[in-house]
Amino acid sequence: MQHSKLTSLLRHLTSKELSRFEDYVCSPFFNKHREVQRLCSYLNKYILDEKKQHRLEKTKVFKYLYKDRAFDGNLLHGLSAKLLVLLHDYLVTISREADKNNLHYIKILGQLRQRQQLKDYDAVLRKITRQTEHNYTDIEDWYWEKYQLHTELNTHFVNQGGRSYDDNLQLSSNYLDRFFIIKKLKLACAIINRNHVLGSNYTCRFLPELLAYVQHPDCPYTDEPTIQIYTAIAKMVLDQDSDAQFSRNRELVVHNSTNFS
């Protein structure tokens, strides 16, 4: 097993992560398979010890798991596959812990709404609204969060029998527009640039229409610096007055650097 996908990935975990992964695997909520738990404990014991890599040979691993049974490669492979799935799930779990943001609490809102826990719903909502600043690397991900929040609040309003005007529906649409426009322009710039550099033949649909829309005087999103910057980049790489666009874009980026990774 020294060169399996499972052991290769395990070697890229820290000692602390390996310990927590074993706790994860041994939790009956995530896994009740005893042999998978024992396999995890065995591998964790030797995986980072370079002098004991021979302990990871298939026959020795199988002998540890099944002392009185002849070697069965298919059985060991099945256990390893189950453990690898758990490892993938564990990595997703710890990534969420490291990047817990309001999307986590918005999902909680949805669960509380479905279970009619309105007092708790309001308490979690207050926790979200107290977060006045976004903690995302890129501004468009913050817009996605706001879209998700106002979509949830609109659903809550409808479920409560709302028949009057409520601005959450409009806000949901507005934030989705900003998210889409920024993401689309960002991808368009990458596509155009890669086509120039590599001679590729990527297609970016709706770009002319989108550029025309965001530069129209009546566009409601002309105040968004990120949209302005990606619009300028797109025009620059399309060789539309690139010198002027470069100078303008450089100034915009300097004044709005916190919006970018």
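As shown above, the structure is provided for reference.
In this text, all values refer to a predicted model and were calculated from it rather than measured experimentally.

Caption draft 1: Region of the structure containing the pattern of salt bridges. For the structure shown, the criterion picks out seven salt bridges. The salt bridge involving Asp 138 is made with Lys 186; its shortest N-O contact spans 3.7 Å. Of this pair, Asp 138 sits in the loop between α7 (118-129) and α8 (139-159) while Lys 186 sits in helix α9 (residues 168-198), and the two are 48 residues apart along the sequence. For Lys 186, a relative accessible area of 25% gives the class partly exposed. The salt bridge involving Glu 224 is made with Arg 178; its shortest N-O contact spans 3.3 Å. Of this pair, Glu 224 sits in the loop between α10 (207-214) and α11 (225-237) while Arg 178 sits in helix α9, placing them 46 residues apart in sequence.

Caption draft 2: A look at the state of the cysteines. Inspection of the entire model under this criterion finds zero disulfides. Among the cysteines around Cys 26, which has no disulfide bond, Cys 40 carries the closest sulfur, lying 6.2 Å off. Considering cysteine sulfurs only, Cys 189 is the nearest to Cys 204, which forms no disulfide, with 8.6 Å between them.

Caption draft 3: Seen up close, the nonpolar core. Grouped together as the largest cluster of nonpolar side chains are 28 residues, with contacts concentrated most on Leu 6, Leu 10, Phe 21, Leu 43, Leu 83 and Leu 87. At the level of secondary structure, the elements contributing two or more residues to this core comprise α1 (5-10), α2 (15-26), α3 (34-46), α4 (58-65) and α5 (73-98). The element that contributes the greatest number of residues to this core is α5, accounting for eight residues. Non-local contacts of Leu 83, meaning those with residues more than four positions away in its chain, are made with Leu 6, Phe 21, Val 25, Val 36, Leu 39, Cys 40 and Leu 43. Membership of the second largest hydrophobic core comes to 25 residues, among which are Ile 181, Leu 185, Leu 207 and Ala 234.

Caption draft 4: Looking closely at the layout of surface pockets. If you add up the space inside the second largest pocket, you get close to 260 Å³. Every residue lining the second largest pocket is listed: Met 1, Ser 4, Lys 5, Leu 6, Lys 58, Phe 71, Gly 73, Leu 76, His 77, Ser 80, Ala 81 and Leu 84. Elements represented by at least two residues in the lining of the second largest pocket include exactly α1 and α5. Sort the elements by how many residues they give to the lining of the second largest pocket and α5 lands first, with six residues.

Each value, and the rule that gives it
- Residues numbered from 1 in each chain as written.
- Predicted model: local features only at pLDDT ≥ 70, side-chain atom pairs only at ≥ 80, totals over all residues.
- Heavy atoms only, no water.
- Salt bridge = Lys/Arg side-chain N within 4 Å of Asp/Glu carboxyl O.
- Helix = DSSP H or I, 4+ residues; strand = E, 2+ residues; numbered from the N terminus.
- Buried < 20%, exposed > 50% of the residue type's maximum accessible area, 1.4 Å probe, protein only.
- Disulfide = S-S within 2.5 Å.
- Core = buried A, V, L, I, M, F, W, Y, C linked by side-chain atoms within 4.5 Å.
- Contact = heavy atoms within 4.5 Å.
- 1 Å grid on protein atoms, 1.4 Å probe; cavity = no way out; pocket = protein on both sides within 12 Å on 5 of 7 lines; lining within 4 Å.
- Points joined across faces, edges and corners; volume = space filled by probe spheres on them.

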